[in-house]
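One letter stands for each residue in the lines below.
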Amino acid sequence: MKIITLIIAIVFFSIIKMNGQALNKIEADVAWNTLSKASIIDYNETNKVKKEVARENAARKYLDLGLGFLRQFPNDARKVEWFQIASSWISSPNFWDNIDEGAKAVAESSSGFYSAAINWNLFEKWEEERLKVRKIIMEDRTISEETKQRIRQNELELEMFRNSNAGYRGDKIRFLTRVKKVMENTYSGFKTGDNYTNVYRQVERLFFQRNEYGLNTGDLIAFTKYFKNSKHREIQQWAMQKLSVFALQDEPFELKHFSTDGREIDLAKLRGKVILVDFWSNTCAVCIERMPAIKEVYDKYKAHGFVVISAANNPNMDKEKIIAIHERIGADWPVMLIGGDSDKSGYVAPNSIADKIFKKYGFTFVPQLLLLDKEGKLAMYNGVLMNGNFEPLVQELLAK
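Rules behind the numbers
Residues numbered from 1 in each chain as written. Predicted model: local features only at pLDDT ≥ 70, side-chain atom pairs only at ≥ 80, totals over all residues. Heavy atoms only, no water. Helix = DSSP H or I, 4+ residues; strand = E, 2+ residues; numbered from the N terminus. Rg over C-alpha atoms; globule rule 2.2 N^0.38 Å. Contact = heavy atoms within 4.5 Å. Areas by Shrake-Rupley, 256 points an atom, 1.4 Å probe, with all protein chains shown as cover. Lys, Arg positive; Asp, Glu negative; His and termini not counted. Charge placed at Lys NZ, Arg CZ, Asp CG, Glu CD. Pairing = 2+ DSSP bridges. Axes fitted to C-alpha atoms, helices over the stretch in contact; angles between N-to-C directions. Expected span 1.5 Å × (residues − 1). Buried < 20%, exposed > 50% of the residue type's maximum accessible area, 1.4 Å probe, protein only. Polar contact = N/O pair within 3.5 Å; in protein donor to acceptor, adjacent residues only side chain to side chain. Phe/Tyr/Trp six-rings, centres within 6.5 Å; stacked < 30°, edge-to-face > 60°. Core = buried A, V, L, I, M, F, W, Y, C linked by side-chain atoms within 4.5 Å.

Colleague: I'd love a proper account of the overall build of the chain, names of residues and values included.
Modeller: Across its full length, the chain carries 17 helices and seven strands. Its C-alpha radius of gyration of 27 Å places the chain more than 25% over the 21 Å reference for a compact globule of 400 residues. The C-alpha extent of the chain, read off along each of the three principal axes, is 105 × 45 × 40 Å. If you take every contact in the chain between residues at least 6 apart in sequence, the share linking residues at least 24 apart comes to 69%. Here the chain displays about 20700 Å² of accessible surface, and carbon together with sulfur accounts for 54% of that area. Across the chain, 58 positive and 52 negative side-chain charges occur, with their mean positions spaced 4 Å apart.

Colleague: Break down the sheet that holds strand 4 (residues 306-312) for me, with residues and values.
Modeller: Reading across the sheet, the five strands line up as 5-4-3-6-7 and stay open at both edges, with mixed pairing between neighbours. Edge positions in the open sheet fall to strand 5 (335-337) and strand 7 (378-381), since each of these has one partner strand only. Shown here is a sheet whose adjacent strand axes are inclined to one another by a mean of 20 degrees, direction ignored.

Colleague: So, helix 2 (residues 48-72): which residues are in play, and what are the values?
Modeller: Counted at 1.5 Å a residue, the expected span for helix 2 with its 25 residues is 36 Å, and the 36 Å between its end C-alpha atoms agrees. Buried within helix 2 are the following residues: Val53, Arg55, Glu56, Ala58, Ala59, Arg60, Tyr62, Leu63, Gly66, Leu67, Phe69 and Leu70. Near the N-terminus of helix 2, the side chain that reaches the backbone nitrogen of Val49, with its oxygen 3.0 Å away, is that of Asn47.

Colleague: Give a detailed account of the packing of aromatic side chains, specifying residues and quantitative values.
Modeller: Tallied over the full model, the rule gives 30 aromatic pairs. Between the aromatic rings of Phe123 and Tyr168, the centroid separation amounts to 5.8 Å while the plane-to-plane angle is 75 degrees, which identifies the pairing as edge-to-face. Here Phe123 is found in helix 5 (residues 120-138), whereas its partner Tyr168 is found in helix 7 (residues 166-169), with 45 residues between them in sequence. Per residue, the accessibility class of Phe123 equals that of Tyr168, and both read buried. When the centroid spacing of 5.3 Å and the interplanar angle of 85 degrees are considered together, the rings of Phe358 and Phe363 count as edge-to-face. Overall, the relative accessible area of 11% leaves Phe358 in the buried class. Classification of Phe363 by relative accessible area gives buried; the value is 6%.

Colleague: So what's going on with the nonpolar core? Which residues, and what values?
Modeller: Counting 85 residues, the largest nonpolar core has Val203, Leu206, Phe253, Phe279, Phe306 and Leu371 as the members making the most contacts within it. Element by element, the count of residues in this core is highest for helix 13 (residues 285-301), at seven residues. Ignoring anything within four residues of it in the chain, the contact list for Phe253 reads Leu248, Leu267, Arg271, Val277, Phe279, Ile357, Tyr361, Leu370, Leu372 and Gly376. Of all hydrophobic cores here, the second largest spans 31 residues; its members include Phe73, Ala105, Ala116 and Trp126.

See the structure below:
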């Protein structure tokens, strides 16, 4: 009788436990469904300010509900999905001190860079909670290394995104120190032979948009040198490639090839001219959008010694496409195809001029713009050439 009673008790408590687990699962599902809906905003909203306000409020709500979900269901595996989304630049809050003013500043910005005060108390409160959750996830051996590395890359993307706000960025030293720290965390998850391209693309923003970040050439050189002694061979290589670009301040940039109309273009024979070398491709919308601004300066100063060389990062088979774009822009400067004899449109051939240049200087995508002085040495790399008024710089170089 005692044995039967014991068996009945075990079964009874097992049923209660199973029912409790089922109820817990239902509660978790309901909470998760509420959490998932919190990040949804009306993407059809045409008013930019209202859209930014809605995005910020949704991001903050998603953050708060997510932390509540973790406190109530700490063992729910979906915490990883939430954390990844909450740590992404798309879904994470900006932590503006005044949401309306922050939204207005973003909406009125044409470059994506703006200035809005940060609510540091709120930011630091979230950062404290974020680091706690991050530690749990990073120490969980059941979570794949790929997922952990995606989280690290999210952190770098988010850091670069937040630094588009001068109110968050602060002074130059704080800004670059923080970026280096996040970069090192990202690199810590890599192994020799891994593909670093996505990380490079984020870091490249410092070089592309140096003006908006308030950086000069000296800042970029110091930043790059910091990674020369990285324990990661790939990062060392990247640093050396980027430094080789800045070495062009002391040695002429060499490029020799034929234009699409058969003329030989040799930069060494153009000494005494101020030269803009524009690396682009027919699939790069940003590259093509920049050409009218380049044409405006070129038309104004070509009679005074300003030369533009268009180096299309395309194979020879794309010749007609490249010429058509130049004709549409009305550009009359030389254009060359440097992608070699690849058998696939838009792809460069191994050992082509494009392949060699991009590997030597660590270029990972186009556009890449080099402004050379009369000695053929680097006067400006990207920066204002990308999206600013570079006419004063051309004037200065021509006057020397």
